[in-house]
Amino acid sequence: MKFNTKTIHGGQKHDPAYGAVMPPIYQTSTYAQSTPGGHKGFEYSRTHNPTRKALENAFASIENAKYGLAFGSGLAAIDAVIKLLSPGDEVISTNDLYGGTYRLFTKVFEKFGIKFHFIGMDNAANIEAYINEKTKLIWVETPTNPMLNIIDIKAVANVAQKHDVLLAVDNTFATPYLQQPLDLGADIVMHSATKYLGGHSDVVMGALMLNNDDIAKKLHFIQNASGAICGPQDSFLVLRGIKTLHVRMQRHCENGKAVAEFLMKHPKIENVYWPGFENHPNHEVARSQMKDFGGMLSFTTKGNDYEASIKIVEKLKIFTLAESLGGVESLSGHPASMTHASIPKEEREKIGVVDSLIRLSVGIEDEDDLINDLKQALG
Ligand SMILES: *Cc1c(COP(=O)(O)O)cnc(C)c1O
């Protein structure tokens, strides 16, 4: 089955009770047993729920995985992965990381004795210097937020395999429409399904996809033991979202390209960060591991003025100023005052988050309306 069919049919069966084409929302915590242990595969909804199961099958299918697991948020999914580790273990992570992931690693798991190294992975050879016998996991995010850096997944996977270390990839920005990290050698794929997989800004959810039987068993154990599951209503919504992932992504990519090219030519713009430009430092890697370049981009304005950038995001009408990304509607964000406000100015500027940086999640509205909106806000 090809990807555009998998989004709709992958892992799905018509409901056995009445043949419902969409899996019913099984809003139940428990299941009747005819005799102790006499059940139809479902005992208690923290452990299993038929609606969540249908979604987990879809998760597995779209990432070419054997197993899919759904969690109450992206961070709950990451939390489950780190719980595979023990005190004393070490993790090597990309340094340009989603803020919530960084907070979970440093403020929650460091105090349980897990050590994290945050490094640049533009060159996969950099990783080897940090690997020792305690290294158990490499954590990669690509493209990164908000600078749209690209990391070569295959190159990192080669290093991970050579040293027998697990590789997990946060595939939230790219989605499996653009890149499939398991096929490139990763062991675990993670998603904030809140973003493109859900796609409609109406649910918070996380996902893990993987092939290894033993690790899948451990993650299922953690999912049930820790209990950070998602409910059947939310499972239904994300399952519905996935059915249009491929058509939404195609339009996100088209609109992203149009907006990036418009901004590049605008006299008030200094830099546009979008991996589709030939002069993007990792353009060749992006071309080889991604099908297209996605709907996320960032830009800075000449003069690098904090107040002027706040004015721009306030003046945008179709682009809503909001946290999050990946929904059908276009969103804007000002990292220096929003997502990265807690990071000291000198620190955030080292990774490129300067005062005038604006991040756009380009939605699937009409391209002309989006460009006209930017034109009036910049003008
Ligand atoms: C949003 C996001 C997360 C966290 O996911 P939640 O669903 O908000 O918990 C993790 N990684 C990336 C790249 C994200 O954009």
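Read on for a plain summary of the structure. The residue count restarts for each chain, going from 1 along the sequence in the order it is written. A pLDDT threshold of at least 70 governs which residues receive local features in this predicted model, and a stricter bar of 80 or more applies before side-chain atom pairs are shown or counted, although totals over entire chains, interfaces and linings include all residues. As a convention, hydrogens and water are excluded, and side-chain values are obtained from all of the structure's heavy atoms.

Before going further, it helps to spend a moment on the pattern of salt bridges. Think of it this way: side chains of opposite charge can pair up when their charged atoms draw near. Between Lys or Arg on one side and Asp or Glu on the other, a salt bridge is scored when a side-chain nitrogen of the former is within 4 Å of a carboxyl oxygen of the latter. Under the counting rule described, the total for this entry stands at 12 salt bridges. Its salt-bridge partner being Lys136, residue Asp89 comes within 3.1 Å of it at the nearest N-O pair. Separated by 47 residues along the polypeptide, Asp89 in the loop between helix H3 (74-82) and strand S2 (90-94) and Lys136 in strand S4 (residues 135-141) bring together distant segments of the chain. Exposure categories follow from relative accessible area, calculated using a 1.4 Å probe and restricted to protein chains: below 20% of the type maximum is buried, above 50% is exposed, and the middle band is partly exposed. In this structure Asp89 comes out as buried when scored by relative accessible area, which is 10%. On the basis of relative accessible area, Lys136 is assigned to the partly exposed category, the value being 35%. Among the salt bridges present, the one from Asp214 reaches Lys218, with a minimum N-O distance of 3.3 Å. Here the residue Asp214 and the residue Lys218 both occupy positions in helix H8 (residues 213-226), the gap between them amounting to 4 residues, near one helical turn. The class for Lys218 is partly exposed, based on a relative accessible area of 43%. Salt bridges linked by common partners bring Lys345, Arg348, Glu349 and Asp355 together as one network. Every helix listed is a DSSP run of H or I at least four residues long, and every strand listed is a run of E at least two residues long, numbered separately from the N terminus.

Position of Thr135 relative to the elements: it lies in strand S4. Only 2.8 Å separates the side chain of Thr135 from the backbone nitrogen of Asn132, close enough to count as a polar contact. The contact definition used throughout considers only heavy atoms, calling two residues in contact when any of these lie within 4.5 Å. Not counting chain neighbours up to four residues away, the residues in contact with Thr135 comprise Glu90, Ile92, Tyr130 and Val165. Whenever a nitrogen or oxygen atom comes within 3.5 Å of another N or O atom, the pair is scored as a polar contact, on the condition that within protein one atom can donate a hydrogen and the other can accept it, and that pairs from neighbouring residues in sequence are kept only if both atoms are in side chains.

Attention now goes to the site of the ligand. With respect to spatial proximity, 13 residues lie near the ligand, and among them Gly74, Asp170, Ser192, Thr194 and Lys195 are the closest. Asp170 places a polar side-chain atom, nitrogen or oxygen, 2.7 Å from a nitrogen atom of the ligand. Lys195 is positioned such that a nitrogen or oxygen atom in its side chain is 2.7 Å from an oxygen atom of the ligand. All accessibility values rest on the Shrake-Rupley procedure with a 1.4 Å probe; residue burial counts only the protein chains present in the view. Its free accessible area being 380 Å², the ligand has 93% of it covered by the protein chains. The nonpolar class holds Ala, Val, Leu, Ile, Met, Phe, Trp, Tyr, Cys and Pro. Asp, Glu, Lys and Arg form the charged class, and all remaining residues, Gly among them, are polar. Tallied by class, residues from the shell around the ligand come to 5 nonpolar, 5 polar and 3 charged. Here a residue is near a molecule or strand as soon as one of its heavy atoms is found within 4 Å of it.

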